[in-house]
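Reading the structure
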Amino acid sequence: MAPVMSRRRLLTAGGALALGPLFAACGEGGSADDQSGGADGERWSFKDDRGRTVTLDKAPETLVAFVSTAAALYDYGVECDGVFGPTRPVDGKPNPQAGAMDVSKLTSLGTEWGQFNVEKYAALQPDLLISNMFPAPDLWYVPQESRKKIEALAPSVGISVARTSLLDPLKRTAELAEALGADLDAKKAAEGRARFDKAVETLRTAAAANKGLKVMAITGDAEHFYVAVPDSYCDLNYFKDLGVEFVEGKKSDEWGFWEFLSWENTDKYHADLIMVDNRSSAMSAEQLAAKATWRQLPAVKAGQTVPWAMEERYSYAGYAPVLERLAAAIGKAERLPA
């Protein structure tokens, strides 16, 4: 497990990733519609969620992205050459953040917080760097200490995924994929969107049928138990819109993503169903089970927990099963005595 400070930064989306000036290849300004796929011989541009427009002489070909972002683009048929962020298997299974990608065929620039191999990145001769933002303008998993070197090699695009509705990064990622050459009307993309739309109604129906069920999203490390602030996460924010009733963690720091509790105070809130961070950087089921106060939580004793894909890929195909899984868990869960 990473040292406490780096883990805290990872959990709170800390300011260690702040970006500096725009790249020389990027221009500012332009309307929200100032983006194009750039056919052969045509200039390519895309306005990201920082309000910055990347403009290139032609459509970028060599793409490097945060693993979940790359996985979302992959769902639309857009492939990256390099990735950074968690890709190692979890419990012998493919890392959930990698989606349907075969990461063994990609160049990994680093799998841990703070890792970003600039030499490998340069060797790829990248045309574009892409990542999510928790929140803007910081590019997730791009370390500040090597920021200037990274910025000098290629322009970047950031998609905002915090303090907004899930529908926004889903829409923006699809727009980026289309600008990079994806056909959003292709069978696979259309099927992913149809499944997502159906899953939305399934979750809405499940939440209405089990009204009053309290859901809590959490993660943990050796020292702290963290309760999510739902409105800071786009997925939880949207699930609230669909009728899911969340335990509302209170902001413990300036970033406002978590309430930090000691393990002795894990019972501060009553929850009937607990969503548990499923990232490879989070505590495993075995590590959680080693905590006596975790084992004593009513939802845990009742077996009413469900994985929380808090860094799921922002494609409709990626999120459809997430909504289906949560709907199924809500449908089966019972309201427990406080």
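Overview of the structure. Numbering of residues starts from 1 in each chain and follows the order in which that chain's sequence is written. Per-residue local features are limited, in this predicted model, to residues with pLDDT of at least 70; the limit for side-chain atom pairs, both in listing and counting, is 80 or more; totals at the level of whole chains, interfaces and linings are taken over all residues. Remark: hydrogens and water are excluded; side-chain values derive from all non-hydrogen atoms of the structure.

**A word on the sheet that holds strand S8 (residues 156-160)**
Strand pairing requires that DSSP identify at least two bridges connecting the strands. Helix and strand labels come from DSSP, where a helix needs a run of H or I of at least four residues and a strand needs a run of E of at least two; each type is numbered from the N terminus. Ordered in space as S6-S5-S4-S7-S8, the five strands form an open sheet in which the pairing is parallel. Edge positions in the sheet fall to strand S6 (107-108) and S8, since each of these pairs with one other strand and no more. Here strand S5 (residues 82-84) runs beside S6; their pairing, made up of two bridges, is parallel. Across the sheet, glycine 82 pairs through a bridge with threonine 107, a residue of S6. Contacts from helix H2 (residues 67-75) reach strand S4 (63-66), S5 and strand S7 (128-133) within the one sheet, and its direction differs from that of S4 by about 120 degrees. Residues count as neighbours in contact if any of their non-hydrogen atoms are within 4.5 Å of one another. Note on geometry: axes are C-alpha line fits, over the in-contact stretch for helices, and angles between N-to-C directions span 0 to 180 degrees. In the packing of helix H5 (residues 167-179) onto the sheet, the strands contacted are S7 and S8, and the crossing angle to S8 comes to about 155 degrees.

**Remarks on the packing of helix H6 (residues 187-209) against helix H11 (residues 316-332)**
At a minimum axis distance of 8 Å, the contact between H6 and H11 shows a crossing angle of 20 degrees. Overall, the two elements H6 and H11 adopt an arrangement that is roughly parallel. The handedness of the crossing between H6 and H11 is left-handed. Facing Gly192, Arg193, Arg195, Phe196, Ala199, Val200, Thr202, Leu203, Ala206 and Ala207 of H6, the residues of H11 in contact are Tyr316, Ala317, Tyr319, Ala320, Pro321, Leu323, Glu324, Leu326, Ala327 and Ile330. Of the residues assigned to the contact of H6 with H11, the class counts are 15 nonpolar, two polar and three charged. Working rule for angles: under 35 degrees goes down as roughly parallel, over 145 as roughly antiparallel, 65 to 115 as roughly perpendicular, anything else as oblique. We call a crossing left-handed when the near helix sits turned anticlockwise from the far one by less than a right angle, and right-handed when that turn is clockwise. In this classification, Asp, Glu, Lys and Arg are treated as charged, Ala, Val, Leu, Ile, Met, Phe, Trp, Tyr, Cys and Pro as nonpolar, and every other residue, Gly included, as polar.

**A look at the pattern of salt bridges**
If charged atoms from side chains of opposite charge come close, those side chains can pair. Put simply, a salt bridge is a Lys or Arg side-chain nitrogen that is within 4 Å of an Asp or Glu carboxyl oxygen. Under the criterion given, the structure shown has 18 salt bridges. Residues glutamate 201 and arginine 204 are paired through a salt bridge, measuring 3.2 Å at the closest nitrogen-oxygen approach. Here glutamate 201 and its partner arginine 204 are both found in helix H6, three residues apart, which amounts to about one turn of the helix. When a residue's accessible area, from a 1.4 Å probe over protein chains only, is under 20% of the maximum for its type it is buried; when over 50% it is exposed; and in between it is partly exposed. Note on glutamate 201: relative accessible area 41%, which makes it partly exposed. Residue classification places arginine 204 among the partly exposed positions, given a relative accessible area of 36%. Here glutamate 312 makes a salt bridge to arginine 313, at a shortest N to O gap of 3.2 Å. There is no split in this pair, since glutamate 312 and arginine 313 are both buried. By sharing partners, the salt bridges in this structure join Asp49, Lys171, Arg172 and Glu175 into a single network.

**Things to note about the packing of aromatic side chains**
Here the aromatic set is Phe, Tyr and Trp, taking the six-membered ring for Trp, and pairing holds for ring centres within 6.5 Å; pairs whose planes are under 30 degrees apart are stacked, those over 60 apart are edge-to-face, and all others are tilted. Applying the stated criterion across every chain yields a total of 19 aromatic pairs. Ring centres 5.1 Å apart and planes at 80 degrees place the aromatic pair tryptophan 113 and tyrosine 141 in the edge-to-face group. In this pair, tryptophan 113 sits in the loop between S6 and helix H3 (118-123) while tyrosine 141 sits in the loop between S7 and helix H4 (147-151), placing the two residues 28 residues apart along the sequence. Between phenylalanine 225 and tryptophan 294, the ring centres sit 6.3 Å apart and the planes meet at 55 degrees, which makes this aromatic pair tilted. Pair noted here: phenylalanine 225 is in strand S10 (residues 224-228) and tryptophan 294 is in helix H9 (residues 292-295), with a separation of 69 residues, a long-range link. Accessibility expressed as a relative area gives 0% for phenylalanine 225, which makes it buried.

**Re the nonpolar core**
In this text, buried Ala, Val, Leu, Ile, Met, Phe, Trp, Tyr and Cys residues form a nonpolar core when linked through side-chain atoms within 4.5 Å. Residues Phe196, Phe239 and Met275 are the most contacted members of the largest nonpolar core, which totals 89 residues. Ranked by residues supplied to this core, first place goes to H11 with nine residues. Among residues more than four places away in sequence, those in contact with phenylalanine 239 are Leu166, Leu203, Val244, Phe246, Met275, Val322, Leu323 and Leu326. In this structure, Phe225, Trp294, Leu297 and Ala299 belong to the second largest nonpolar core, which totals 17 residues.

**Let's talk about H2**
Within H2, eight of the nine residues are buried, which leaves the element mostly enclosed by the surrounding structure. The set of residues buried in H2 consists of Val67, Ser68, Thr69, Ala70, Ala71, Ala72, Leu73 and Asp75. Against S4, S5, S7, H5, H6 and H11 lie the buried residues of H2. Backbone geometry just after H2 places glycine 77 at a positive phi near 90 degrees.

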